[in-house]
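Coordinates in review
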Amino acid sequence: IKKQQQDVLGFLEANKIEFEEKDIAANEENRKWMRENVPEDSRPASGNPLPPRLFNDSRYLGDYNAFFEARENNAVYAFLGLTAPPGSKVGEHL
C-alpha cells in the first residue's frame, strides 16, 4: 500500500498537479468519508476499501490499478478529470 501511495504522490508532485492527501490511518473522519464515497461496485468482496483511492472533490475516480492503467496509456489527466497542459502527451483519452 505504501509503495502505491508513494507512486501516486510522486507522479502528482512531479507533474505539479494540485492534490489534497487524506490520511485514513490517523483520522477516523477521513476513513469514514472514504468508505462512504467509494461506490458499492468498487469495494472489495469483504472488508473495507484500501488506499490509495483517488477522488476529484467527492467524485470517485478509481483505485491504484485504474491510476496505473491511465498512466500507462498516457491518459492520467483524463482519468483525473483535468485538462492536460498545452503540448503534453498525457492529455490523450483512452
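Just above sits the structure.
Not measured: the values here are computed from a predicted model.

1. A look at the pattern of salt bridges
When their charged atoms lie close together, side chains carrying opposite charge are able to pair. The full count for this structure, using the stated rule, is three salt bridges. As a salt-bridge pair, R71 and D7 come within 2.8 Å of each other at their nearest N and O atoms. Of this pair, R71 sits in helix 3 (residues 64–72) while D7 sits in helix 1 (residues 2–14), and the two are 64 residues apart along the sequence. For the salt bridge of E40 with R43, the shortest nitrogen-to-oxygen distance reads 3.6 Å. Looking at R43, the relative accessible area reads 32%, which means it is partly exposed.

2. Comments concerning the packing of aromatic side chains
Pairs of aromatic rings are described using the distance from one ring centre to the other and the angle between the two planes. Scanning all chains against the criterion turns up six aromatic pairs. Ring centres of F55 and Y60 lie 5.3 Å apart, and the angle between their planes is 65°; this geometry places the pair in the edge-to-face category. An angle of 40° between the planes, with centres 6.4 Å apart, marks the rings of Y64 and F67 as tilted. Placement of the pair is Y64 and F67 together in helix 3, with a separation of three residues, close to one helical turn. Taken individually, Y64 and F67 each receive the classification buried, so the pair is uniform in this respect. Joined through ring pairs, the aromatic side chains of F11, Y64, F67, F68 and F79 make up one cluster.

3. A few points about the layout of surface pockets
Volume-wise, the largest pocket comes out at about 860 Å³. Lining the largest pocket are 28 residues, and of these E20, E21, K22, R53 and L54 lie nearest its centre. Of all the secondary structure elements, the ones that give two or more residues to the lining of the largest pocket are helix 1, helix 2 (28–37) and strand 1 (53–56). Of all the elements, helix 1 adds the most residues to the lining of the largest pocket, at six residues. Taken together, the residues that form the lining of the largest pocket break down as 16 nonpolar, four polar and eight charged.

Conventions and cut-offs
- Residues numbered from 1 in each chain as written.
- Predicted model: local features only at pLDDT ≥ 70, side-chain atom pairs only at ≥ 80, totals over all residues.
- Heavy atoms only, no water.
- Salt bridge = Lys/Arg side-chain N within 4 Å of Asp/Glu carboxyl O.
- Helix = DSSP H or I, 4+ residues; strand = E, 2+ residues; numbered from the N terminus.
- Buried < 20%, exposed > 50% of the residue type's maximum accessible area, 1.4 Å probe, protein only.
- Phe/Tyr/Trp six-rings, centres within 6.5 Å; stacked < 30°, edge-to-face > 60°.
- 1 Å grid on protein atoms, 1.4 Å probe; cavity = no way out; pocket = protein on both sides within 12 Å on 5 of 7 lines; lining within 4 Å.
- Points joined across faces, edges and corners; volume = space filled by probe spheres on them.
- Nonpolar A, V, L, I, M, F, W, Y, C, P; charged D, E, K, R; others polar.

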